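If you want the building blocks of each chain, they are given just below.
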Amino acid sequence: MNGIQVKNVTKRFGDICAIDDVSLCFEENKIYGLLGRNGAGKTTLLNAISNRIFPDQGEIHVNGLLATENDKAQQLLYLMSEKTLYPERMKIREAFRWTKNYYPDFDLDYAESLADKFQLDTTKRIRALSTGYSSIFKIILALSVNTPYVLLDEPVLGLDANHRDLFYKILIEKYSSNPCTIVISTHLIEEVSGIIEDIVIIKQGKIICRESCESLLAKGYTVSGKASLVDAFIEGKKVIGIDALGGLKTAYIMGLPAADQVPAELEVTSLDLQKLFIQLTNS
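These numbers come from a predicted model, not from an experiment.

Asker: Before we go on, may I ask you to explain helix H6 (residues 161-177) in this structure?
Answerer: For the α-helix, the turn length of 3.6 residues means that residues three or four positions removed from each other point alike. For H6, which comprises 17 residues, the first-to-last C-alpha distance of 25 Å matches the rise-based estimate of 24 Å (1.5 Å per residue) to within 8%. The elements touched by buried residues of H6 are strand E3 (31-35), helix H4 (108-117), helix H5 (131-144), strand E7 (149-153), strand E8 (181-185) and helix H7 (189-192). The N-cap residue of H6 is Asp160: its side-chain oxygen and the backbone nitrogen of Asn162 are 3.2 Å apart.

This is the structure we're talking about:
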């Protein structure tokens, strides 16, 4: 079976259970958002998939191949992580050439063209890169390897607004011309909400939500208005969170507004992915 299959995976670090009996599938040719608060287990999960750490229990398969210590499986995926795993004295151009030795489908010309777009000087040494340009360097590698599965862990760390916008545009262009599975782990939920197709939310090492972005947001709505009117309206309903400011209140409700017959005095809006994430992951 194609895809990345995670089956009953648990990983502990001493007394801390980073991921707890996690099972999920990243299917072919989809863009996923892997969302969770700091310490939720996102990076641990990606590291387990990419064989950088070993699960204490459970198995991971990539296109049916066991991922653990299996070069054939690992050549099907690429993880962009916070760490830069190249010698610091190496020049960017040399790193591109070395990457092609490990990933035969690495597109050197495409990498050079992306470097031009991001204004990355390929004659620079890796140690000379700022935080933002270090992320750009790793983004270029991830978009040029042409593996079926690309895992991006906080890809826009240190990027300014212009470079983040450029990254998202290039990502969509790349995906449109050469579909693959992309998993984006990020805290900038509002920025990626228009890109991701499916959502995986992890909380304290457990998966609490796994479905399409469209279907998740269609399951609820928000109502805003005078606090007393909102309080009266939400009684008996499935409320996942409330924001209050002065005499006004906003409630986040799971359900359909048409069925609930919202009073005209209250404003109804669609659920916002970032707001929904905050409410679902609050303690």
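And the narrative resumes.
Asker: What should I look at first to understand the packing of aromatic side chains in this one?
Answerer: Within a pair of aromatic rings, the relevant descriptors are the distance that separates the centres and the angle that separates the planes. In the structure shown here, the tally under the stated rule is six aromatic pairs. Look at Tyr78 and Tyr103: their rings are 5.4 Å apart centre to centre, the planes differ by 70 degrees, and that puts the pair in the edge-to-face class. Of this pair, Tyr78 sits in strand E6 (residues 77-80) while Tyr103 is found in the loop between helix H3 (92-102) and H4, placing the two residues 25 residues apart along the sequence. The two residues Tyr78 and Tyr103 agree in class, both being buried. Ring geometry for Phe96 versus Phe137: centroids 6.3 Å apart, planes at 25 degrees, classification stacked. With Phe96 in helix H3 and Phe137 in helix H5, this pair connects stretches of sequence that are 41 residues apart. Judged by its relative accessible area of 0%, Phe96 is buried. Chaining the aromatic ring pairs together yields one cluster made of Tyr86, Phe96, Phe106 and Phe137. The residue whose ring lies beneath Lys11 is Phe13, and the NZ or CZ to ring-centre distance is 5.4 Å.

Asker: What is the right way to look at a positive patch on the surface in this model?
Answerer: Residues Arg89, Lys91, Arg93, Arg97, Arg125 and Arg127 make up a contiguous surface patch of positive charge. Residue placement: Arg97 occurs in helix H3.

Cut-offs and rules
- Residues numbered from 1 in each chain as written.
- Predicted model: local features only at pLDDT ≥ 70, side-chain atom pairs only at ≥ 80, totals over all residues.
- Heavy atoms only, no water.
- Helix = DSSP H or I, 4+ residues; strand = E, 2+ residues; numbered from the N terminus.
- Expected span 1.5 Å × (residues − 1).
- Contact = heavy atoms within 4.5 Å.
- Polar contact = N/O pair within 3.5 Å; in protein donor to acceptor, adjacent residues only side chain to side chain.
- Phe/Tyr/Trp six-rings, centres within 6.5 Å; stacked < 30°, edge-to-face > 60°.
- Buried < 20%, exposed > 50% of the residue type's maximum accessible area, 1.4 Å probe, protein only.
- Lys NZ or Arg CZ within 6 Å of the ring centre and 35° of its normal.
- Patch = residues over 30% accessible without salt bridge, like charges linked within 9 Å, V, L, I, M, F, W, Y side chains within 5 Å.
- Areas by Shrake-Rupley, 256 points an atom, 1.4 Å probe, with all protein chains shown as cover.
- Salt bridge = Lys/Arg side-chain N within 4 Å of Asp/Glu carboxyl O.
- Lys, Arg positive; Asp, Glu negative; His and termini not counted.
- Charge placed at Lys NZ, Arg CZ, Asp CG, Glu CD.

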